[in-house]
Structure formats: structure tokens, C-alpha cells
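Each chain, letter by letter, is given below.
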Amino acid sequence: MKNIGYVTFFQSEYPTLLKEIYDPPWILYFKGNDRYLAAKYCLSVVGTRHPSTSAYDHMKQVLSPLASFPITIVSGMALGVDTISHELMIREKGYTIAVLAYGLDHLYPVVLRHLKEKLEKSQLIVSEYPPYVKPKRWQFPERNRIISGLSAATLVVEAAYKSGSLITSECALQQGRDVFAFPGRISDSVAEGTNRLIQQGAKLILSSEDIIEEYLMRV
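Source: prediction; values computed, not measured. (Residues numbered from 1 in each chain as written. Predicted model: local features only at pLDDT ≥ 70, side-chain atom pairs only at ≥ 80, totals over all residues. Heavy atoms only, no water.)

1. Comments concerning the packing of aromatic side chains
- Throughout the structure, instances matching the rule amount to nine aromatic pairs.
- Both rings, one in Phe9 and one in Tyr14, keep their centres 5.4 Å apart while their planes meet at 65°; by these two values the pair is edge-to-face.
- The buried category is assigned to Tyr14, whose relative accessible area is 1%.
- For the ring pair Phe10 and Trp26, a centre distance of 5.8 Å and an interplane angle of 15° mean the geometry is stacked. Separated by 16 residues along the polypeptide, Phe10 in the loop between strand 1 (5-8) and helix 1 (16-19) and Trp26 in the loop between helix 1 and strand 2 (27-32) bring together distant segments of the chain.
- What makes Phe10 exposed here is its relative accessible area of 70%.
- You can call Trp26 exposed: its relative accessible area is 57%.
- A cation sits over an aromatic face here: Lys19 above Phe9, 5.4 Å from the ring centre. (Phe/Tyr/Trp six-rings, centres within 6.5 Å; stacked < 30°, edge-to-face > 60°. Buried < 20%, exposed > 50% of the residue type's maximum accessible area, 1.4 Å probe, protein only. Helix = DSSP H or I, 4+ residues; strand = E, 2+ residues; numbered from the N terminus. Lys NZ or Arg CZ within 6 Å of the ring centre and 35° of its normal.)

Structural data, given as C-alpha cells:
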């Protein structure tokens, strides 16, 4: 038994913030703990698939304390920053949602099978695509609007000047959501995108308190 459920735009269980975006999916398929659909405080975390050696330490320092708060981390279950985000929340017994760019019967890349199984067991995986839909390149940027749409803010950890992660930050801005970013050394290519975001007005994040205070202001 696949244990795949679904919720439509017209049902009360449909995520409230996602309902507010310009082009919400009419249906969300899900697997895992469906109570996460009602998560009140979500933070999307995105970044490069090839993070720097210091990215994990920075993410652990800033994101791990969030597990003690009712803040759900949303990401895309890709390699790199996405994987770190999900694994940190699982390890810290926090909350996380993975948004897939393909149907729930599939997996890309296959090396993430163990992570997907853990997310299905104790967290939540969602997709706008029916379970049988295979991964296709154009679906990945399309799903980014859902990652940002589920959250009040999107945190960009590391991103090159031309990065798919910046598509998610653009979606967040178009949806009227906040954008946060980690600063980086100007000589690091994976920090060029985040440094530019900060230059353009994204909130610079140095600690978990920087994020928590933003969410406490929403109470």
C-alpha cells in the first residue's frame, strides 16, 4: 500500500499560505505526517547542490535551534543544502517538509532513497504531480514557487550568481514573502548570489535569533 494522500485547493486542510500565491497547485499529493500541512510557521531553506565545506557548520549553528520552536523547515530534497536542511531537522527531532518536482512514486537522485524513506516515515513529502510522473528538467524550477509559497520567508544559504536557488528567492519576492540570506566571503563563488541578495535588501542572517525574532513578530 502506497499510503499516498491528497488535498485539493478547496479543502480546509490545504496549506493557508500556499493558497495565497498567484498560481497555487490545485492539488497536492502527500506522504507522511499530514498534520504538517497545517504548520503555521514555515521557513523555506534553499541553496546550492555543491555547498562549501563550511556550509554544514553554519546551517547546524543557525537551523538546529529552530527545532525547539514550532518552525517547520521546507526544502526541495535535492543534494547539498536541501539534504542538509532535512537531515538536521530529523536529527534534532524538528519538523520538515520536502517538496518534490516529480511524482511520489519516483526519486531523483536515487542516492537520496534513505532520506526519502525517513521523511515519509516521520515528516512530510508533497508534490503537485500525480505519483506516476517521472522527473523532468522543467518541473524543478516550476516547483520552486511551492517551496517559497508554503513559507513566510525563504532563506538562501549559498548560491552562485546564476543559481536555481535564486529562482526560489524571486518566487518569494513575487509572492510578497521575505527573503533571508547567509553572507559569505566575496571571493567565494557560492556566496556571490547570497551577497547580492543582501545588497538588494534581503535580511542578513547570522544566528538563529535573527530568524526567531522575525517569526515571533508574526505571532
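2. Looking at the packing of helix 2 (residues 55-63) against helix 3 (residues 81-91)
- For the pair helix 2 and helix 3, the least separation of the axes is 10 Å and the interaxial angle reads 40°. Relative to helix 3, the element helix 2 is oriented oblique. With respect to the hand of their crossing, helix 2 and helix 3 are arranged in right-handed fashion. For the pair helix 2 and helix 3, contact is made by Tyr56, Met59, Lys60 and Leu63 and by Val81, Ile84, Ser85, Leu88, Met89 and Arg91, respectively.
- Taken together, the residues that form the contact of helix 2 with helix 3 break down as seven nonpolar, one polar and two charged. (Axes fitted to C-alpha atoms, helices over the stretch in contact; angles between N-to-C directions. Parallel < 35°, antiparallel > 145°, perpendicular 65-115°, else oblique. Left-handed = near helix turned anticlockwise from the far one by under 90°. Contact = heavy atoms within 4.5 Å. Nonpolar A, V, L, I, M, F, W, Y, C, P; charged D, E, K, R; others polar.)

3. Digging into the sheet that holds strand 4 (residues 71-75)
- Ordered by their spatial adjacency, nine strands build an open sheet running 1-2-6-5-4-3-7-8-9, and the pairing between neighbours is mixed. At either margin of the open sheet sits one strand with a lone partner, and together these are strand 1 and strand 9 (203-204).
- Two strands pair when backbone bridges link them, and strand 3 (residues 41-46) and strand 4 are joined in this way by four bridges, in the parallel orientation. Within strand 4, the residue paired with Cys42 across the bridge is Thr72. (Pairing = 2+ DSSP bridges.)

4. Topic: the pattern of salt bridges
- Per the stated rule, a full pass over the model turns up eight salt bridges.
- As a salt-bridge pair, Glu120 and Lys116 come within 2.7 Å of each other at their nearest N and O atoms. With a gap of four residues between them, Glu120 and Lys116 both fall in helix 4 (residues 113-122), about one helical turn apart. Per residue, the accessibility class of Glu120 equals that of Lys116, and both read buried.
- Across the pair Lys203 and Glu214 runs a salt bridge whose closest N-O atoms are separated by 2.8 Å. Taken together, the positions of Lys203 in strand 9 and Glu214 in helix 8 (residues 208-216) put the pair 11 residues apart, joining distant regions of the chain.
- A relative accessible area of 17% places Glu214 in the buried class. (Salt bridge = Lys/Arg side-chain N within 4 Å of Asp/Glu carboxyl O.)

5. Notes on the pairing of strand 5 (residues 95-99)
- Counting buried residues along strand 5, four of its five residues qualify, which places the element largely inside the surrounding structure.
- A crossover links strand 4 with its parallel partner strand 5, the connecting element being helix 3, and its sense is right-handed.
- As judged from the three bridges shared by strand 5 and strand 6 (residues 124-127), these two strands associate in the parallel manner. Bridge pairing in strand 6 places Val99 opposite Val126.
- In this fold, the crossover linking strand 5 to strand 6 by way of helix 4 has right-handed handedness. (Right-handed = clockwise from strand over helix to strand, strands pointing away.)

Function cannot be read off these values alone, since they describe shape.
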